[in-house]
Amino acid sequence: MEKLMISGGRPLQGTVTISGAKNSAIALIPAAILAESEVILDNLPLLSDVAVYSEILEELGANVSWEGNQMRIDPTHIISLPMPNGPVKKLRASYYMMGAMLGRFKEAVIGLPGGCNFEPRPIDQHIKGFEALGATVTNEHGAIHLHAKELKGAKIYLDVVSVGATINIMLAATRAKGSTIIENAAKEPEIIDVATLLNSMGASIKGAGTETIRIEGKSELRGCRHSIIPDRIQAGTYMIAAAATRGNVLIDNVIPKHLEALTAKLIEMGVGIEELDESIRVIGKQNYGSIDVKALVYPGFATDLQSPMTSLLTQADGVSVLSDFVYSNRFKHVPELARMGAKIRVEGRSAIIEGHPLNAAKVKATDLRAGAALVIAGLTVSEGITEVTGVEFIDRGYDHLVTNLRELGADVWRQND
Ligand code: EPU
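Just so it is clear, the structure is predicted and the values come from calculations on it, not from any experiment. (Residues numbered from 1 in each chain as written. Predicted model: local features only at pLDDT ≥ 70, side-chain atom pairs only at ≥ 80, totals over all residues. Heavy atoms only, no water.)

Asker: I'm lost on the site of the ligand in this one. Help?
Answerer: Not every one of the 25 residues close to the ligand is listed here, only the nearest: Q125, S162, G164, D304 and V326. One of the side-chain N or O atoms of R92 is found 3.4 Å from an oxygen atom in the ligand. One nitrogen or oxygen atom from the side chain of R330 is found 3.4 Å from an oxygen atom belonging to the ligand. When isolated, the ligand has an accessible area of 820 Å², and the protein chains bury 91% of it. Counting only elements with at least two residues in the shell around the ligand, the list comes to α1 (22-31), α4 (124-132), α5 (163-173) and α11 (368-380). Split by residue class, the shell around the ligand holds 12 nonpolar, 6 polar and 7 charged. Mapping the shell around the ligand onto the domain boundaries places at least three of its residues in each of domain 1 (2-19 + 230-416) and domain 2 (22-227). (Near = heavy atom within 4 Å. Polar contact = N/O pair within 3.5 Å; in protein donor to acceptor, adjacent residues only side chain to side chain. Areas by Shrake-Rupley, 256 points an atom, 1.4 Å probe, with all protein chains shown as cover. Helix = DSSP H or I, 4+ residues; strand = E, 2+ residues; numbered from the N terminus. Nonpolar A, V, L, I, M, F, W, Y, C, P; charged D, E, K, R; others polar. Domains from an automatic or database assignment.)

Asker: Please clarify how the side chain of D324 should be interpreted in this entry.
Answerer: For D324, the position within the fold is in strand β18 (residues 319-324). An unpaired buried charge is present at D324: no salt bridge exists, and R330, the closest side chain of opposite charge, is 5.0 Å distant. Polar contacts involving the side chain of D324 include one to the side chain of T303, which spans 2.8 Å. Of note is the side chain of D324, whose polar atom sits 2.8 Å from the backbone nitrogen of V326. (Buried < 20%, exposed > 50% of the residue type's maximum accessible area, 1.4 Å probe, protein only. Lys, Arg positive; Asp, Glu negative; His and termini not counted. Salt bridge = Lys/Arg side-chain N within 4 Å of Asp/Glu carboxyl O.)

Asker: Explain the sheet that holds strand β12 (residues 212-216) here, please?
Answerer: Backbone-to-backbone hydrogen bonds join strands into a sheet, with any given pair of strands oriented parallel or antiparallel. The mixed open sheet is built from 4 strands, whose spatial order is β9-β10-β12-β11. Edge positions in the sheet fall to β9 (155-157) and β11 (204-206), since each has one partner strand and no second. If you compare each strand with its neighbour and ignore which way they point, the axes differ by 15° on average. Judged from the 3 bridges that link them, β9 and strand β10 (residues 179-183) form a sheet pairing that is parallel. Bridge assignment links Y157 to a residue of β10, and that residue is E183. (Pairing = 2+ DSSP bridges. Axes fitted to C-alpha atoms, helices over the stretch in contact; angles between N-to-C directions.)

Asker: When you look at the domain arrangement of the chain in this model, what are you seeing that I'm missing?
Answerer: Interfaces are frequently sized by the accessible area removed from exposure as the parts join. Partitioning the chain into domains gives domain 1 (2-19 + 230-416) and domain 2 (22-227). For domain 1 versus domain 2, the separation of C-alpha centres amounts to 30 Å. Across the boundary between the two partners, domain 1 contributes 24 residues, which contact 19 residues of domain 2. Taken together, both faces of the contact between domain 1 and domain 2 bury some 2,000 Å²; the carbon and sulfur share is 51%. Considering only the side of domain 1, the residues that lose the most area to domain 2 are Y298, Y327 and R396, jointly responsible for 33% of the buried surface there. Scanning the region where domain 1 abuts domain 2 turns up 2 salt bridges. Between D49 and R396 there is a salt bridge; the shortest N-O distance is 2.8 Å. Applying the counting rule to domain 1 against domain 2 returns 6 residue pairs in polar contact (both at pLDDT 80 or more). Broken down by class, the residue content of the side of domain 1 that touches domain 2 amounts to 7 nonpolar, 7 polar and 10 charged. (Contact = heavy atoms within 4.5 Å. Buried area = accessible area lost by both parts, 1.4 Å probe.)

Shown next, in the form of structure tokens:
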């Protein structure tokens, strides 16, 4: 079993360069199959989820080559194959194969997705969208079967603001006949990134990043070259780690606007922040004030930073309240932090965090962001070694985490037992 070992207590110092966004990459890769010729993706993060996605596309006959941070996807010879099992099961975001295959072939069989299951994550809004576009959708023995004689543009109101449903409907609608309007759409930067790629492929998508997205369907899309936006969650995680260790770190290759909600909260608790054009400097302080944080859909505070933020708030004086209005029960990191001496109580969708120094312990990452929270917690502890298992979750979303932390002066290493 692989573990992350952390001998903490050292302030992080230096510069970290942020990679391309995971949650963009795993939507852009399936989007490429909607084209009739080669799509080149630059600034690709080196993550296990990305590797699984390239495996999925290769299984369907796409020619995928991946060198450094560039992936070339030639979907010319792709075929429609049912995928009830196999790599789709390893990945939550394999649900994007539903929209992409439906758009390209008007049919798909995709096993229900795996991935980080910190709580039940329904896909009813994705299905509602596909049905509105004219598809028949059935769940047969744990695989979703989609079929449409023809996809026709429609007006779709999302009952829940969902990143996945917004992107999935966009994927299918780009190859539908006529106009589609998605109302109450999610506004995350990753949605704009996917729309930018699709428009470069010849699609007509307007309004991505607002709550109303209009799509004019096209019968054919072409290949193109696209550079993935920086990962705002990875950036936010390093910002929080810099603050928690009372360090001084320049987070480079970021879009500061994407991090506004976090930046505001860090400033409110007393962290020093300098915003530059494409980077943010975080200057840690010895004492922090307690704050209240509400995780909301974008542009609110990101739910994916809620767990890392919990670790930082254990370092503040007084009692902080952190509520998650996106996922009501995303608190699996709390019992693990408690093993490290944290004083946290979960009440409904809120964690009530009393500032208290942490101690080293053996803890388990149960999902990606919970893993990041435990690493940050371990970095604050100056005596003893924190051991984090469940490293496979962390590898899903943090490109070169150990190398980056070591370059910032942390004493972190991987150990295989
Ligand atoms: N929801 C429904 N029905 C649906 C879809 C969503 O009820 O059909 C609910 C969810 O249960 C949740 C809320 O709507 O309460 C928002 O879910 P959303 O669909 O936006 O989440 P997602 O698309 O499945 C993506 C990211 C998550 C991130 C969320 C919220 C990917 C692959 N995943 O998930 O990222 O937490 O948006 O921003 O893009 C992570 O990176 O660690 C991660 C979990």
